[in-house]
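# Observations on chain architecture
The lines below spell out each chain.
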Amino acid sequence: AEDEVALFERDMKEFWIQFKISYGTEQNNQTSALKDLCKETLEALSEKWSKKLKEEDLMIDKIHEYKNEILQQSKYIAEKEEQLTEIKSKLNQEQEQQKNLTDSIQELKEELKKKMEIKSSKNKAAKEKVEQVSKIKTLFKEHLGLEMRRIPDEQLQFIFRHIDHKDPDKPYVCTVSINEQGDYEVTSCTPPLDCIAELQLKLRETNNFSAFVANVRKAFTALSYK
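None of these values were measured; they are calculated from a predicted model. Position labels on residues start from 1 in each chain and follow its written sequence. Residue-level local features of this predicted model are given only where pLDDT is at least 70; pairs of side-chain atoms are given and counted only at 80 or more, and the full residue set underlies all totals for whole chains, interfaces and linings. Each side-chain value is worked out from all heavy atoms of the structure, with water and hydrogens disregarded.

## Structural notes on the overall build of the protein chain
In DSSP terms, a helix is any run of H or I states spanning at least four residues, a strand is any run of E spanning at least two, and both are numbered starting from the N terminus. Looking only at helices and strands, one finds 3 helices and 4 strands in the protein chain. For the protein chain, the sequential pattern of α-helices and β-strands runs α-β-β-β-β-α-α. Relative accessibility decides the category of a residue: with a 1.4 Å probe and only protein chains considered, values under 20% of the type maximum give buried, values over 50% give exposed, and everything between is partly exposed. Looking at the protein chain as a whole, 14% of its 226 residues qualify as buried. What makes two residues a contact is simply this: any of their non-hydrogen atoms within 4.5 Å. Within the protein chain, contacts between residues at least 6 apart in sequence are counted, and of these 28% link residues at least 24 apart. The Shrake-Rupley method, run with a 1.4 Å probe sphere, supplies the accessible areas, and residue values consider only the shown protein chains as cover. Per element, the accessible surface of the protein chain, about 19,100 Å² overall, is 55% carbon and sulfur.

## Here we look at the pairing of strand β1 (residues 146-151)
Whether two strands pair depends on DSSP finding at least two bridges between them. Note: β1 against strand β2 (residues 155-160), 6 bridges, orientation antiparallel. Across the sheet, R150 pairs through a bridge with L156, a residue of β2. Taken together, β1 and the strand that follows it, β2, pair antiparallel across an intervening segment of 3 residues, in which D153 is found at a positive phi of about 65°.

## Focus on a nonpolar patch on the surface
Patches here are clusters of residues that have more than 30% relative accessible area and form no salt bridge, with a 9 Å joining cutoff for like charges and a 5 Å cutoff for nonpolar side chains (Val, Leu, Ile, Met, Phe, Trp, Tyr). Salt bridges are defined by distance alone: a side-chain nitrogen of Lys or Arg within 4 Å of a carboxyl oxygen of Asp or Glu. Residues F8, M12, F15, W16 and F19 make up a contiguous nonpolar surface patch of roughly 530 Å² in combined accessible area. Taking the relative accessible area as the measure of exposure, M12 reaches 32% and is therefore partly exposed.

## Things to note about the packing of helix α2 (residues 196-206) against helix α3 (residues 209-224)
Axis separation between α2 and α3 bottoms out at 9 Å; the angle between their running directions is 165°. With respect to each other, α2 and α3 are oriented roughly antiparallel. Both α2 and α3 take part in a crossing whose hand is right-handed. Contacts from I196, L199, Q200 and L203 of α2 reach α3 at F209, F212, N215 and V216. Its residues assigned to classes, the contact of α2 with α3 shows 6 nonpolar, 2 polar and no charged. Note on geometry: axes are lines fitted to C-alpha atoms, helical ones only across the stretch in contact, with angles between N-to-C directions running from 0 to 180 degrees. In this scheme, roughly parallel covers angles under 35 degrees and roughly antiparallel covers those over 145, while 65 to 115 is roughly perpendicular and the rest are oblique. It is the rotation of the near helix from the far one that decides the hand of a crossing: anticlockwise by less than a right angle makes it left-handed, clockwise makes it right-handed. We call Asp, Glu, Lys and Arg charged. Ala, Val, Leu, Ile, Met, Phe, Trp, Tyr, Cys and Pro are nonpolar, and the rest, Gly among them, are polar.

## With respect to the packing of aromatic side chains
Pairing of aromatic side chains here covers Phe, Tyr and the six-membered ring of Trp, requires ring centres within 6.5 Å, and sorts the geometry by plane angle: under 30 degrees stacked, over 60 edge-to-face, intermediate tilted. Under the definition given, this model contains 5 aromatic pairs. Relative to F209, the ring of F158 has its centre 5.4 Å away and its plane inclined at 35°; by these criteria the two rings are tilted. Taken as a pair, F158 in strand β2 and F209 in helix α3 lie far apart in primary sequence, 51 residues in all. Members of the aromatic cluster, joined through ring pairs, are F158, Y184, F209 and F212.

## Quick word on the pattern of salt bridges
Going through the model one piece at a time under the given rule, you end up with 4 salt bridges. Notably, a salt bridge pairs D103 with K99, separated by 3.2 Å at the nearest N-O pair. Placement of the pair is D103 and K99 together in helix α1 (residues 2-144), with a separation of 4 residues, close to one helical turn. Accessibility expressed as a relative area gives 32% for D103, which makes it partly exposed. Residue E147 pairs with R149 through a salt bridge whose shortest N-O separation is 3.0 Å. On the basis of relative accessible area, E147 is assigned to the buried category, the value being 19%.

## Observations regarding α2
Since the α-helix packs 3.6 residues into each turn, any two residues three or four apart lie on the same face. Looking only at α2, the buried set comprises I196, L199, Q200 and L203. Projected down its long axis, α2 shows its buried positions confined to an angular sector of 100°, all on one face. Exposed and facing more than 90 degrees away from the buried side of α2 are A197, E198 and E205. Buried residues along α2 sit against β3 (172-178), β4 (184-190) and α3. With its phi angle positive at about 60°, N207 sits one or two positions after the end of α2. Comment: arc refers to directions from the helix axis out to C-beta atoms.

## Points about the sheet that holds β2
Strand order in the open sheet formed by 4 strands is β1-β2-β3-β4, with antiparallel pairing between adjacent strands. What marks the edges here is a single partner per strand, and that holds for β1 and β4. Going across the sheet, the axis of each strand differs from the next one's by a mean of 20°, ignoring polarity. Relative to β4, β3 is paired through 6 bridges, and the arrangement is antiparallel. Bridge pairing in β4 links V173 to T190. Across the face of the sheet, α2 comes into contact with β3 and β4 while running at roughly 150° to β4. In this fold α3 packs onto β1, β2, β3 and β4, with an angle of close to 150° to the strand it touches most, β3.

Have a look at this one:
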């Protein structure tokens, strides 16, 4: 009986030993499998997140690149806007200068037109005066025996005839010019007249040349009867 008990105890010990060995081996196998699973899982996650981080890094790089491109585009646009502003300013200045030039040209045209009108009016008046003087000259020469001549030094010479009833062709001469002061001046009178200074003064005061010529003729006529 003691041998059976000892055998049983021995068997039980072996059983427990085998059981422990078997259980420990199984536990070890499970633990190893779990470790391998965890390791695989961690490696997969690590690879996944590493890939994701790389993608995010690439995205960040792209974002920086886009930011730099936007910054460069902004600078380019700012430069172009500044250039456009300068061009607009120059264009406005040129338009203002063009307007001023156009206004100046228009003013000159109007001024020239007025001057042409004045000149035309003066020419017309001068032509009428020449025609009038020509008629008067013809009348005086034919009926009153008066002849007018332009002589050197811008002088006007009046030759009166039909004064002396004894000698109708005898000339009585009076020469008139305009002095430096712009006044009429009798430069010669043949024969001399005592009243010529008075007649000259009256001519300067009245500027009536016809009356002056008539008064000179009267004076010559009065002188011829002396």
